[in-house]
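# Observations on the three-dimensional arrangement
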Amino acid sequence: MLSVYQGGVYGGLGDICPSMFCLVPDDTRGVFCVEHRAAPGTSCGPGKWCEAGECVANPKAPWFNMDQCPMGDEVTLVDGRGCPEAVSSQPDLCSLDHVRAACCSSCGLAHTATTAHCPLGDQHRDCRPSLCHTSLPDGTPYARDCCRTCNFDLSRWACADSPLGVDGQPCQAAVRVGQVQGCYNATLAFRCCASCQGHRNPSAQPGCEYGDLLPETCKNHKNARQTCSRQLQWQCCQTCRDNDALLRDVKRGMTSSGTPCAFPPPTPLLPLQLLMWCFLMITTYMVL
């Protein structure tokens, strides 16, 4: 089976008339390229074909859209599989430019097979149906990047609280001041999207949108003059961040309010203390 190589150093469709490189599978050497001169009448562009090694316009030449993949898929491997197998099992591969170019026919079929709201399929390889009704801490629905698996249409989705609430509780009761950490639960964050949104800090570092995960534990570490451990950073993300800022201020000689630290001046020595200090130094020198 032959396939025209359609990219890279071998040029594009308009260059195939004088020098057309074909991918040839070989049992001993694997897939390699062989140069040919394109046969007369070979399409080289919309309304063009090859004549005497040149790409020329001709009213008899077929007209097609370049996006229609006139030469079909390349005979190449994507993640160890041919284009049809790779794209049918993982349509998200077509979001990669090099895959979409090499597997243009298969990606075109995948595009047609998916719904209008999910033209390229899932954007992650390991989308799980069990996570379709969950949200990330920043409020992004998990299904956004797994639209094919979750049959999700972002244009029809709205961030709202479910009337059923969570575990028999209405969302406003499940998510209230002092208990917003529940929004770190992916299922609760999805079902109570509007309530969690009201408590979310959009300017917080990623993963710390609702403050400390364990506020009671973190109270004991507030204003600590040491760097948090990795586990503590996960449990007390906001407290640890504040502590790090305080440590930086102290190292720069600044208070938490931004004003220079006022260090007390050294206490001057009294005359008697100065005399005793001199006597001690002289005695030490004589002994040495």
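Residues numbered from 1 in each chain as written. Predicted model: local features only at pLDDT ≥ 70, side-chain atom pairs only at ≥ 80, totals over all residues. Heavy atoms only, no water.

### Topic: the overall build of the protein
Threshold: Elements are defined by DSSP. Helices are runs of H or I of four residues or more, strands are runs of E of two residues or more, and each kind is numbered from the N terminus. The buried label applies to any residue whose accessible area, calculated with a 1.4 Å probe on protein chains only, is under 20% of its type's maximum; exposed applies above 50%, and partly exposed to all values in between. Note on contacts: a residue pair is in contact if any heavy atoms of the two residues lie within 4.5 Å. Accessibility throughout is a Shrake-Rupley quantity obtained with a 1.4 Å probe, and a residue counts as covered only by protein chains that appear here.
When helices and strands are counted, the protein shows eleven helices and six strands. A buried classification covers 34% of the 288 residues belonging to the protein. Sequence separation of at least 24 residues holds for 41% of the intrachain contacts in the protein that already meet a minimum separation of 6. Accessible surface, the protein as shown: approximately 18,800 Å² in total, 57% of it carbon and sulfur.

### Description of the pattern of salt bridges
A side chain of one charge can pair with a side chain of the opposite charge if their charged atoms are brought near each other. Basically, it comes down to this: The term salt bridge refers to a pairing of a side-chain nitrogen on Lys or Arg with a carboxyl oxygen on Asp or Glu at a separation within 4 Å.
Scanning the model with the defined rule gives two salt bridges in all. Notably, a salt bridge pairs R144 with D145, separated by 3.3 Å at the nearest N-O pair. K219 is the partner of E216 in a salt bridge, and the nearest nitrogen-oxygen pair spans 3.3 Å. Here the residue E216 and the residue K219 both occupy positions in helix 8 (residues 215-219), the gap between them amounting to three residues, near one helical turn. Like E216, the residue K219 is exposed in the burial classification.

### Let's talk about the packing of aromatic side chains
Spelled out, the test is: Two rings from Phe, Tyr or Trp (for Trp, the six-membered ring) form a pair when their centres are within 6.5 Å of each other. A pair whose planes differ by under 30 degrees is stacked, one over 60 is edge-to-face, and the rest are tilted.
As enumerated under the stated definition, the model contains two aromatic pairs in all. Here F152 and W157 contribute two aromatic rings whose centre-to-centre distance is 6.4 Å and whose plane-to-plane angle is 55 degrees, an arrangement assigned as tilted. Under the relative-accessibility criterion, F152 is labelled buried at 11%. Between Y184 and Y210, the ring centres sit 5.3 Å apart and the planes meet at 85 degrees, which makes this aromatic pair edge-to-face.

### Structural notes on the environment of E54
Looking at the element boundaries, E54 is found in strand 6 (residues 54-57). Each C-alpha atom of the pair E54 and P18 lies 6.3 Å from the other, and the pair is 36 residues apart in sequence. Not counting chain neighbours up to four residues away, the residues in contact with E54 comprise C17 and W49.

### Re the sheet that holds strand 6
Sheet strands pair via backbone hydrogen bonds, and the direction of the pair is either parallel or antiparallel. Selection rule: Whether two strands pair comes down to DSSP finding at least two bridges between them. Interaxial angle, 0 to 180 degrees, is taken between N-to-C directions of lines fitted to C-alpha atoms, where a helix line uses only the stretch in contact.
Reading across from one edge, 4-5-6 is the order of the three strands in this open sheet, with antiparallel pairing throughout. Sheet topology places strand 4 (43-45) and strand 6 at the edges, where each strand pairs with a single neighbour. Each neighbouring strand pair of the sheet contributes to a mean axis angle of 50 degrees, computed without reference to strand direction.

### Observations regarding the pairing of strand 5 (residues 48-51)
When strand 4 meets strand 5, the two strands line up antiparallel, connected through two bridges. Within strand 5, the position partnered with G45 by the bridge is K48. Linking strand 4 to strand 5, which pair antiparallel, is a turn of two residues; within it G47 sits at a positive phi near 70 degrees. Connecting strand 5 to the next strand, strand 6, in antiparallel fashion are two residues, including A52 with a positive phi near 55 degrees.

### Looking at the side chain of Q181
What counts, and what does not: As used in this structure description, the phrase polar contact means that two N or O atoms lie within 3.5 Å; if the pair is within protein, one of them must be able to donate a hydrogen and the other to accept it, and residues adjacent in sequence are counted only when both atoms belong to side chains.
Residue position: Q181 is located in the loop between helix 5 (171-174) and helix 6 (186-191). Residue Q181 is classed as buried on the basis of its relative accessible area, which comes to 17%. Engagement of the side chain of Q181 in a polar contact is seen with the backbone oxygen of D212, the distance being 3.3 Å. Ignoring sequence-local partners within four residues, the contact set of Q181 consists of Y210, D212, L213 and P215.

### A look at the confidence of the model for the protein
Where we set the bar: Each residue carries a pLDDT score, the predictor's own confidence in it, on a scale running from 0 to 100.
Overall, the predicted model of the protein reaches an average pLDDT of 76, with 71% of residues at or above 70. Long-range and interchain partners of residues 5-9, a stretch whose pLDDT sits below 50, account for twelve contacts in this model, where long-range means more than four residues apart. Across residues 261-267 the pLDDT falls below 50, and counting only partners more than four positions away or on other chains, this stretch makes three contacts in the model.

### Describing the nonpolar core
Note that soluble globular proteins tend to have their nonpolar side chains buried in a common cluster. How we decide: To qualify as a nonpolar core, a set must consist of buried Ala, Val, Leu, Ile, Met, Phe, Trp, Tyr and Cys residues joined through side-chain atoms within 4.5 Å.
The biggest cluster of nonpolar side chains holds 13 residues, and the ones touching the most others in it are V175, C183, Y184, L188, C192, C196 and Y210. In this view, V175 contacts V180, C183, L188, C192, S195, C196 and H199; residues no more than four positions away in its chain are not counted. Core analysis: the next-biggest nonpolar cluster, separate from the first, contains ten residues, C94, V99, C103 and C107 among them.

### Some points on the environment of P215
With respect to the helices and strands, the residue P215 is situated in helix 8. With relative accessibility at 33%, the residue P215 sits in the partly exposed group. For the pair P215 and Q238, spaced 23 residues apart in the sequence, the C-alpha separation amounts to 9.5 Å.

### Overview of the state of the cysteines
Threshold: Here, two cysteine sulfur atoms that lie within 2.5 Å of each other are counted as a disulfide.
As enumerated under the stated definition, the model contains twelve disulfides in all. Across a sulfur-sulfur distance of 1.9 Å, C118 and C147 are joined as a disulfide pair. Taking the sign of the torsion about the S-S bond as the criterion, the disulfide between C118 and C147, at about 65 degrees, is right-handed. Pair noted here: C118 is in the loop between helix 3 (104-113) and helix 4 (147-150) and C147 is in helix 4, with a separation of 29 residues, a long-range link.

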